[in-house]
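# Breakdown of the fold
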Amino acid sequence: MPKVLIMIGSQSDLEYAEECRKSLENYGIEGNIEISSAHRQPDKTDNLARTAQGSGFDVIICMAGMAAALPGVVAARTSLPVIGVPLPASLNGLDSLLSIAQMPSGVPVATMGIGKAGAKNAAILAARILGLKYPDIAARLKA
């Protein structure tokens, strides 16, 4: 079964990660949620990013609010596609959106919209990426 790693920076972000995981399941994709803050747990975050591919993950979805460093930190440590979802922790998520969208050259992060709609779209984008490799996922997307 194809796997997506869903990373969030805090327990308070869990509702968005669960929404994303439910959406992934609709496409036959396993979503594993890990809580790891880029600021408070940098070693854990680094390890998750560096070992994700070897652990069988094909895509990483990172959800973060406020400074929203998590997607960029993860993208800097892996060659897997990284999808960033800004969360509305402050400023209605605008600060998170700008932090995730403004990555330096060489550190690509596909940035979704803010909040639950962004979480669902991240799952759909992950399914589209995986649909290139897995025909059954491509068929589910078309249906």
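Counting restarts for each chain, with residues numbered from 1 along the sequence as it is written. Totals for whole chains, interfaces and linings use all residues, but because this is a predicted model, local features are given only for residues with pLDDT of at least 70 and pairs of side-chain atoms are given and counted only at 80 or more. Working from all heavy atoms in the structure, the side-chain values ignore hydrogens and water.

## Observations concerning a nonpolar patch on the surface
The line we're drawing: Each patch is built from salt-bridge-free residues with over 30% relative accessible area, joining like charges within 9 Å and nonpolar side chains (Val, Leu, Ile, Met, Phe, Trp, Tyr) within 5 Å. Only the protein chains shown count as cover for residues, with accessible areas throughout obtained via the Shrake-Rupley method and a probe of 1.4 Å. Salt bridges are defined by distance alone: a side-chain nitrogen of Lys or Arg within 4 Å of a carboxyl oxygen of Asp or Glu. For helices the rule is a DSSP run of H or I covering at least 4 residues; for strands it is a run of E covering at least 2, with both sets numbered from the N terminus onward. Exposure categories follow from relative accessible area, calculated using a 1.4 Å probe and restricted to protein chains: below 20% of the type maximum is buried, above 50% is exposed, and the middle band is partly exposed.
Side chains of Leu91, Leu94 and Leu98 sit close together on the surface and give an oily, nonpolar patch of about 320 Å² of accessible area. Relative to the helices and strands, Leu98 resides in helix H4 (residues 94-101). Residue class for Leu98 comes out partly exposed when judged on its relative accessible area of 48%.

## Quick word on the packing of aromatic side chains
Put simply, the rule is: Classification of ring pairs rests on two measures: the distance between centres of Phe, Tyr or Trp rings, Trp counted by its six-membered ring, which must be within 6.5 Å, and the angle between planes, read as stacked under 30 degrees, edge-to-face over 60 and tilted in between. Counting as a charge over the ring demands two things of the Lys NZ or Arg CZ atom: a distance within 6 Å of the ring centre and an angle within 35 degrees of the ring normal.
The final tally for this structure, using the stated rule, is zero aromatic pairs. For the cation-ring pair, Lys3 lies above Phe57, with the distance from its terminal atom to the ring centre recorded as 4.5 Å.

## As for unusual backbone geometry
Although it is not a glycine, Met66 sits at a positive phi angle of roughly 55 degrees. Within the secondary structure layout, Met66 lies in the loop between strand S3 (57-65) and helix H3 (70-75). Residue Asn92 is not a glycine yet carries a positive backbone phi of 55 degrees. Relative to the helices and strands, Asn92 is located in the loop between strand S4 (82-87) and H4. Judged by its relative accessible area of 68%, Asn92 falls in the exposed class.

## A look at the pairing of S3
The side chains of a regular strand alternate, first on one face of the sheet and then on the other. Put simply, the test is: When DSSP finds two or more bridges between two strands, those strands count as paired. By convention, orient the strands away from the viewer: a clockwise path from the first strand over the helix to the second makes the crossover right-handed.
Burial of S3 is extensive: eight of the nine residues sit out of reach of the surface. Note: strand S1 (residues 3-8) against S3, six bridges, orientation parallel. Considered in S3, the bridge of Met7 is made with Cys62. Where S3 and S4 come together, six bridges link them in parallel fashion. Bridge pairing in S4 places Cys62 opposite Gly84. A crossover links S3 with its parallel partner S4, the connecting element being H3, and its sense is right-handed.

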